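# Observations on chain architecture
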Amino acid sequence: MSASTNEIRVGMKVEVDKEPYTIINNEFVKPGKGQAFNRIKMKNMINGRMVERTYKSGEKLDLADVEEMQMRFLYKDADSATFMDDKTFDQVTISKDLIGPIEHWLMEEILYAVILYKGQPIEVAPPTFLEMTITETSPGVRGDTSGRVLKAATTETGAKIQIPIFIDEGEKVKVDTRTGEYVSRVNE
Amino acid sequence: MLGAARQFFAERNVLEVDCCALSPFAAIDVNIDVISADVSPNMRGYLHTSPEYAMKRLLAAGSGDIYFLGHVFRQGEIGRLHNPEFTMAEWYRVGMSFETMIEETAEFIQLFLGKLPVKQLSYRKAFELFAGVNYTSDDLFAAARRHQLQPDPAWSRSTLQHFLLTHVIEPKLGNQELTVLTDYPPNEAALARIVEKDNEPVAERFEIYFRGVELCNGYHELPDGHELRRRFTADNLERVQAGKPAYALDEAFLGALGPHFPDCCGVSVGIDRLLLLRHKRSSLNEVLPFSWPQIC
């Protein structure tokens, strides 16, 4: 599968020098009487590096064999985490190297987006919002319910976050996994 | 802006002409693709990429100084500085010198962008100054790599030349002033005359840049139909090698470039880009009410 430079859109996944890239920008450049080019900015999906490549307009780029699957987190051990496809019950074990940045967002029974390149996982993304229990924090202070005064807390997944001072240990909160910010208290 | 442009030409006694936008012949250029249209089930026409061929036939017929202000069309050109349909002011001045034509074009541009200083720079000098290369003798692939760029090793010398021009040189042209690029290499002459200058053949062709944006393209016009036929044939050959269609030669146009064709200079200016720079925007779709959607 390939696509011409004039079909390359933001977000498409291409393969360059045997590595997968996400398209960030595609600019058409042409002198009035000269060769037309496409200056394409892309991000390496494995190491995150940004690169810029220029192609003659009309050249073709290979599309990367990339797919995203929703998989349920089962368990983790010392150096990996295991997920399962709900439909096929297939399990995949992903090394800590890839899980590293999101390890503190791993919760059992939750669905994660696993990005596969040629069938191999290259990235795991948590849902934007997660609900989790506070396991460690200083005692709640009544009175201030503005939510503007914050204190440190640790959640059941081991994430270190800032929460309003009126929340106690054992309470459930909603957290934004992109920023690690507290969103709201969850009443059950 | 259109009113100011027409007034500029009226003050100089340049006659407005209206040329056919749809012609049985396509303009021939290695790097310009033409939009075709079905005129009837068995007849194909082409939208003009500039009114040049038609205007030159009028010049040969004795029109004297003429201008065209209207829309032209180019296939596949969509981007920040490109729209497949755009507005062009193109004019021809009989008996005017190449230098005077440059001055008059700068005055036209200044009408819209203000009294900017004007600086001339030869194509050779621009490559020396901004890319650090002698474009005829140095290794252009290595030069591009020195500028942290990733050219394709398979590219031809002429592609590398355009690559350096667009990626390294153009962004530096016209930062504070109108930069006039002149003395193009003979293989970039298009429809311009070639003259000897400092022991080197150069094309009497110019372009003006402001803030890295190419605004016009002008020539001391080649009056020789035989030479042009040779160039068009070479262009068509290059198009075929690049996997593009070759186009039939417009004999009526080539025939006009004979003894009746006056000594003249001509230039075309992109009006949409003037509008863009006048309003300090970065993309044509910010200033055009009707533009084609850009891909990114």
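Check the entry above for the structure.
All values reported here derive from a predicted model rather than from experimental measurement.

Rules of the game
Residues numbered from 1 in each chain as written. Chains lettered and ligands numbered in written order. Predicted model: local features only at pLDDT ≥ 70, side-chain atom pairs only at ≥ 80, totals over all residues. Heavy atoms only, no water. Helix = DSSP H or I, 4+ residues; strand = E, 2+ residues; numbered from the N terminus. Buried < 20%, exposed > 50% of the residue type's maximum accessible area, 1.4 Å probe, protein only. Contact = heavy atoms within 4.5 Å. Areas by Shrake-Rupley, 256 points an atom, 1.4 Å probe, with all protein chains shown as cover. Lys, Arg positive; Asp, Glu negative; His and termini not counted. Charge placed at Lys NZ, Arg CZ, Asp CG, Glu CD. Phe/Tyr/Trp six-rings, centres within 6.5 Å; stacked < 30°, edge-to-face > 60°. Lys NZ or Arg CZ within 6 Å of the ring centre and 35° of its normal. 1 Å grid on protein atoms, 1.4 Å probe; cavity = no way out; pocket = protein on both sides within 12 Å on 5 of 7 lines; lining within 4 Å. Points joined across faces, edges and corners; volume = space filled by probe spheres on them. Nonpolar A, V, L, I, M, F, W, Y, C, P; charged D, E, K, R; others polar. Salt bridge = Lys/Arg side-chain N within 4 Å of Asp/Glu carboxyl O. Buried area = accessible area lost by both parts, 1.4 Å probe. Arc of directions from axis to C-beta.

Below, the discussion takes up the overall build of chain A. Regarding its fold elements, chain A presents one helix and 16 strands. Across the 188 residues that make up chain A, the buried fraction comes to 43%. In chain A, the proportion of contacts linking residues at least 24 apart, taken out of those at least 6 apart, comes to 44%. Just so you have it, chain A exposes about 10,100 Å², and 48% of that area is on carbon and sulfur atoms. The average position of the 25 basic charges and that of the 31 acidic charges among the side chains of chain A differ by 9 Å.

What chain B contains, in helices and strands, is nine helices and 14 strands. Dimensions of chain B along its principal axes, counting C-alpha atoms only, are 50 × 45 × 45 Å. A buried classification covers 55% of the 296 residues belonging to chain B. Intrachain contacts of chain B at a sequence separation of at least 6 include 66% that bridge at least 24 residues. For chain B, the computed accessible surface area is about 13,300 Å², with 52% contributed by carbon and sulfur atoms. A gap of 5 Å separates the mean positions of the 29 positive and 39 negative side-chain charges of chain B.

Right, let's get into the packing of aromatic side chains. Residues and elements named next belong to chain B. If you walk through the whole model with that rule in mind, you get 23 aromatic pairs over all chains. Measuring from ring centre to ring centre gives 4.2 Å for Phe9 and Tyr67, while their planes differ by 20°; the resulting arrangement is stacked. With Phe9 in helix α1 (residues 2–11) and Tyr67 in strand β5 (residues 66–73), this pair connects stretches of sequence that are 58 residues apart. For Tyr67, a relative accessible area of 4% translates into the label buried. Here Phe232 and Phe253 contribute two aromatic rings whose centre-to-centre distance is 6.4 Å and whose plane-to-plane angle is 40°, an arrangement assigned as tilted. Here Phe232, found in helix α7 (residues 225–241), pairs with Phe253, found in helix α8 (residues 251–256); they are 21 residues apart in sequence, far enough to count as distant. Note on accessibility: Phe232 and Phe253 belong to one class, buried. One residue, Arg12, lies across the ring of Phe8, its end atom 3.6 Å from the ring centre. Between Arg205 and the ring centre of Tyr184, over which it is positioned, the NZ or CZ distance is 4.2 Å.

Let's shift gears to empty space enclosed by the protein. Evaluated as defined, the whole model comprises two cavities of 30 Å³ or more. Lining the largest cavity are 38 residues; nearest its centre among them are A:Gly32, B:Arg74, B:Phe86, B:Met88 and B:Ser268. Looking at the lining of the largest cavity, the elements that each hand over two or more residues are α2 (52–60), β6 (85–94), β13 (216–220), β14 (264–270) and α9 (271–278) of chain B. The element contributing the most residues to the lining of the largest cavity is β14(B), with five residues. Residue composition of the lining of the largest cavity, by class: 17 nonpolar, 10 polar and 11 charged. Space inside the second largest cavity adds up to approximately 50 Å³. The wall of the second largest cavity is formed by A:Pro31, A:Gly32, A:Lys33, A:Gly34, B:His162, B:Leu165, B:Tyr184, B:Glu188, B:Arg205, B:Glu207 and B:Tyr209. Broken down by secondary-structure element, the contributors of at least two residues to the lining of the second largest cavity are α6 (157–169) and β11 (205–210) of chain B. Broken down by element, the residue count for the lining of the second largest cavity peaks at three residues, all from β11(B). In terms of residue class, the lining of the second largest cavity is built from four nonpolar, three polar and four charged.

As a further point, take the pattern of salt bridges. Side chains that differ in sign of charge can pair as their charged atoms come close. Residues and elements named next belong to chain B. Summed over all chains, the structure comprises 30 salt bridges over all chains. Between Arg6 and Glu16 there is a salt bridge, and its shortest N-O distance comes to 2.9 Å. Within this pair, whereas Arg6 is found in helix α1, its partner Glu16 is found in strand β1 (residues 15–16), the two being separated by 10 residues in sequence. Owing to a relative accessible area of 32%, Arg6 belongs among the partly exposed residues under this scheme. Among the residues examined, Glu16 registers a relative accessible area of 35% and is labelled partly exposed. When salt bridges that share partners are traced, they join Glu11, Arg12, Asp65, Arg93, Glu104 and Glu107 into one network.

With 24 residues of chain A at the interface, the matching set in chain B holds 28 residues. Note on chain A versus chain B: buried area summed over both sides is about 2,200 Å², and carbon and sulfur give 55% of it. In terms of surface lost to chain B, no three residues of chain A exceed A:Phe28, A:Lys30 and A:Lys33, which account for 32% of the buried area on that side. Scanning the region where chain A abuts chain B turns up three salt bridges.

The next subject is α2(B). Residues and elements named next belong to chain B. When α2 is considered as a whole, its buried residues turn out to be Glu52, Tyr53, Met55, Lys56, Leu59 and Ala60. Buried positions in α2, seen along its axis, are confined to an arc of 165° and lie on one side of it. Close packing links the buried residues of α2 with β5, β6, β13, α7, α8 and β14. Positive phi appears at Gly62, one or two residues downstream of α2, with a value of about 95°.

The next subject is the environment of A:Gly100. Residues and elements named next belong to chain A. Positionally, Gly100 belongs in the loop between α1 (96–99) and β10 (111–117). Assessed through its relative accessible area of 33%, Gly100 is described here as partly exposed. A sequence separation of 58 residues divides Gly100 from Met42, and the C-alpha atoms of the two residues are 23 Å apart.

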